[in-house]
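Spelled out, the chains give:
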Amino acid sequence: MPIEQILRRSEELDETIVRMLDPDTYPVYGPDGLRMGLSVTAASLSLEHARALRLLVAGGFVSSAVPTMRMQFEATTRSAWLLFAATDAQVAAAGAPLTAETEEAARDLPMATGMIKELAKASANVPAANAPAVMLGQFNRLQRNALNSFVHGGIHALRRHEEGYPVQMVRQLVECSNGLVTIGAMLLAILSGDTVLMRRMNRVHEGFEDCITPMLPT
C-alpha cells in the first residue's frame, strides 16, 4: 500500500475515534479526580503525537517522525500507568504545579520500562491493566533500542538519514503508531466510564487492519 494511502486511512481511523469520543462527556471525578484527569491528558497527548508523526511523514521528515513515536509510546504508557498502577504519591508528584522543586521531585517517577513493570504487577488485582501491560511491553521489547538510537542521534538515525528510508519501514512506522493510537483510544473510553463506548472502542481496529500493526504478541 502506498504511503499516501496509509496516511489517508490513518486519518480515517483518527476521525472514527474522535467521533466516538466526546471530551465534554467525561464525568467530574471524585476523590480520585487527579489520577483520572492526568490519565486523560496523557492519552490525549499520545493521540496528538500520532497526528504530528503523520504530518512529519507526509512532509518527508521521517528522521523526526521516528522519535515522535517514542513520545507517543511514552505518553500512552504513562496514561495506562497513571490509571492502573501509580501510587497516590506518584499521582500527586505527576500532577503538581510546575516549579523547580516539583520538577526535581518528578525525576523519581518511573520511566517507560518501570511503568510497564508496575502495570504488569497491578494486573494481578486489576484485570483491565493486563492488556495495556502486555501490548506496551511487547512494543517496548521490539522497538526500544532503535527508538533510543533515533532520539539520541545514534547509528540508526545517522545511517537512515544518509541512506534513506525503505518504503516498508515508513509504512511500518505509521502502522505501529496507529496501534498505539488504538491503545490510547481504549484508555480514553475506559476513562469515560461508558461501558457501551468501551465495547465499541475495543473493536475500533476492525476495518482498519490494513493500516494498524497489532500490539498483541502473535
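Residues numbered from 1 in each chain as written. Predicted model: local features only at pLDDT ≥ 70, side-chain atom pairs only at ≥ 80, totals over all residues. Heavy atoms only, no water.

From N to C terminus, the protein chain includes 10 helices and zero strands. Sequence-ordered secondary structure for the protein chain, helices as α and strands as β, is α-α-α-α-α-α-α-α-α-α. For a compact globule of 218 residues, the expected C-alpha radius of gyration is about 17 Å, and the protein chain comes in at 17 Å, within 12% of that figure. With the C-alpha coordinates of the protein chain rotated into their principal frame, the extents come out at 50 × 40 × 30 Å. In the protein chain, which comprises 218 residues, the share counted as buried stands at 45%. For the protein chain, long-range pairs separated by at least 24 residues make up 78% of all intrachain contacts whose partners lie at least 6 apart in sequence. (Helix = DSSP H or I, 4+ residues; strand = E, 2+ residues; numbered from the N terminus. Rg over C-alpha atoms; globule rule 2.2 N^0.38 Å. Buried < 20%, exposed > 50% of the residue type's maximum accessible area, 1.4 Å probe, protein only. Contact = heavy atoms within 4.5 Å.)

To continue, consider the nonpolar core. Ile17, Val57, Met69, Leu119, Leu136, Leu173 and Met201 are the most contacted members of the largest nonpolar core, which has 61 residues in total. When residues of this core are assigned to their parent elements, the largest contribution, 13 residues, is made by helix H9 (residues 167–192). Filtering out sequence-adjacent residues up to four positions away, Met69 remains in contact with Leu53, Phe139, Leu147, Leu173, Cys176, Ser177 and Leu180. (Core = buried A, V, L, I, M, F, W, Y, C linked by side-chain atoms within 4.5 Å.)

With that out of the way, let us pick up the packing of helix H1 (residues 3–20) against helix H2 (residues 33–58). Here H1 crosses H2 at 160°, and the two axes come no closer than 11 Å. When the interaxial angle is binned, H1 and H2 end up roughly antiparallel. Where H1 crosses over H2, the handedness of that crossing is left-handed. When H1 is examined against H2, the residues Ile3, Leu7, Ser10, Glu11, Asp14 and Val18 are found in contact with a partner set consisting of Arg51, Arg54, Val57 and Ala58. Across the contact of H1 with H2, the residue classes tally to five nonpolar, one polar and four charged. (Axes fitted to C-alpha atoms, helices over the stretch in contact; angles between N-to-C directions. Parallel < 35°, antiparallel > 145°, perpendicular 65-115°, else oblique. Left-handed = near helix turned anticlockwise from the far one by under 90°. Nonpolar A, V, L, I, M, F, W, Y, C, P; charged D, E, K, R; others polar.)

To continue, consider the pattern of salt bridges. Here the structure, examined in full by the defined rule, presents 10 salt bridges. Among the ionic pairs, Asp14 bridges to Arg54, the shortest N-O distance being 3.1 Å. Separated by 40 residues along the polypeptide, Asp14 in helix H1 and Arg54 in helix H2 bring together distant segments of the chain. As far as burial versus exposure is concerned, Asp14 and Arg54 are alike and both buried. Residues Arg159 and Glu162 are paired through a salt bridge, measuring 2.1 Å at the closest nitrogen-oxygen approach. Of this pair, Arg159 and Glu162 are both found in helix H8 (residues 155–163), three residues apart, which corresponds to roughly one turn of the helix. Counted as one network, the salt bridges with shared partners bring together Glu11, Asp14, Arg51 and Arg54. (Salt bridge = Lys/Arg side-chain N within 4 Å of Asp/Glu carboxyl O.)

What follows deals with the environment of His205. Looking at where His205 falls in the secondary structure, it is placed in the segment after helix H10 (195–201). Residue classification places His205 among the partly exposed positions, given a relative accessible area of 33%. Separated by 3.5 Å, the side chain of His205 and the backbone oxygen of Asn202 make a polar contact. (Polar contact = N/O pair within 3.5 Å; in protein donor to acceptor, adjacent residues only side chain to side chain.)

It is worth spelling out the packing of aromatic side chains at this point. Tallied over the entire structure, the rule returns two aromatic pairs. Judged by centre distance (4.6 Å) and plane angle (25°), the ring pair of Phe73 and Phe139 falls under stacked. Highlighted residues: Phe73 in helix H3 (residues 62–84) and Phe139 in helix H7 (residues 130–151), separated in sequence by 66 residues. Aromatic pair Phe150 and Tyr165: ring centres 6.4 Å apart, planes at 25°, arrangement stacked. In this pair, Phe150 sits in helix H7 while Tyr165 sits in the loop between H8 and H9, placing the two residues 15 residues apart along the sequence. Here the two residues Phe150 and Tyr165 agree in accessibility, since each one is buried. (Phe/Tyr/Trp six-rings, centres within 6.5 Å; stacked < 30°, edge-to-face > 60°.)

A few words on the environment of Ile17. Here Ile17 lies in helix H1. Spatially, the C-alpha atom of Ile17 lies 31 Å from that of Ser149, the residues being 132 residues apart in sequence. Beyond its immediate chain neighbours, meaning those up to four positions away, Ile17 contacts Val181, Ala185, Met201 and Val204.

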